[in-house]
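# Fold and geometry: a report
Residue strings, one per chain:
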Amino acid sequence: MTVDVDFGEDGLVPAVAQDADSGEVLMLAYVSPEALDRTVETGRAHYYSRSRDELWEKGASSGHTQEVREVRVDCDADTLLYLVDQNVGACHTGHRSCFYRTVEGDHVGERVFDPDAVYDDE
């Protein structure tokens, strides 16, 4: 049985990327039907960039890929969960997780790479 994902009016659903072993939440991005198809076909996380208006493979420019072990769908079929093996960091700021600070501004996450060394002119 295949679940029909509800991509809504804008054709996108949020997807949470979670470390498959530790359970750490790494990032949230949006997924189009094409991105979901590419993720399932390749086993590598694909998302849809709303700011660039294009499909992208996580780690295509940085090398910090996400190998997807499983894709789960929530009860309303309008949100996805990618259970992943994260290579280096998930966040473009150099942190392992995009959720590296508290609402009070405290830095609580691990910085695992220098973004200036990874992203030349982005």
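Preceding this section is the structure that the text describes.
Bear in mind that the values here come from a model prediction, so they are computed numbers and not experimental data. (Residues numbered from 1 in each chain as written. Predicted model: local features only at pLDDT ≥ 70, side-chain atom pairs only at ≥ 80, totals over all residues. Heavy atoms only, no water.)

## What to know about the overall build of the protein
- Per the secondary structure count, the protein includes 2 helices and 6 strands.
- The order of α-helices and β-strands along the protein, N terminus first, is β-β-α-β-β-β-β-α.
- Taking 14 Å as the expected radius of gyration for a compact globule of 122 residues, we find that the protein reaches 14 Å, a close match to that expectation.
- Overall, the C-alpha framework of the protein stretches about 40 × 30 × 25 Å when taken along its three principal axes.
- When the 122 residues of the protein are sorted by exposure, 38% land in the buried category.
- Within the protein, contacts between residues separated by at least 24 positions form 39% of all contacts whose residues are at least 6 apart in sequence.
- On the protein, the mean spot of the 10 positive side-chain charges and the mean spot of the 27 negative ones are 4 Å from each other. (Helix = DSSP H or I, 4+ residues; strand = E, 2+ residues; numbered from the N terminus. Rg over C-alpha atoms; globule rule 2.2 N^0.38 Å. Buried < 20%, exposed > 50% of the residue type's maximum accessible area, 1.4 Å probe, protein only. Contact = heavy atoms within 4.5 Å. Lys, Arg positive; Asp, Glu negative; His and termini not counted. Charge placed at Lys NZ, Arg CZ, Asp CG, Glu CD.)

## Remarks on the nonpolar core
- Counting 18 residues, the largest nonpolar core has M27, V31, L36, Y47, L80 and Y82 as the members making the most contacts within it.
- Residue assignment for this core shows that the elements contributing at least two residues are β1 (13-19), β2 (25-31), α1 (33-42) and β6 (80-86).
- Per element, the largest residue contribution to this core is 4 residues, and it comes from β2.
- Once residues within four sequence positions are removed from consideration, L36 is found in contact with V5, F7, V31, V71, L80 and Y82. (Core = buried A, V, L, I, M, F, W, Y, C linked by side-chain atoms within 4.5 Å.)

## Details of α1
- The set of residues buried in α1 consists of A35, L36 and T39. Angularly, the buried residues of α1 cover 100° about the axis, an arc narrow enough to put them on a single face.
- Tucked into the core, α1 has its buried residues touching β2, β3 (46-49), β4 (54-57), β5 (66-73) and β6. (Arc of directions from axis to C-beta.)

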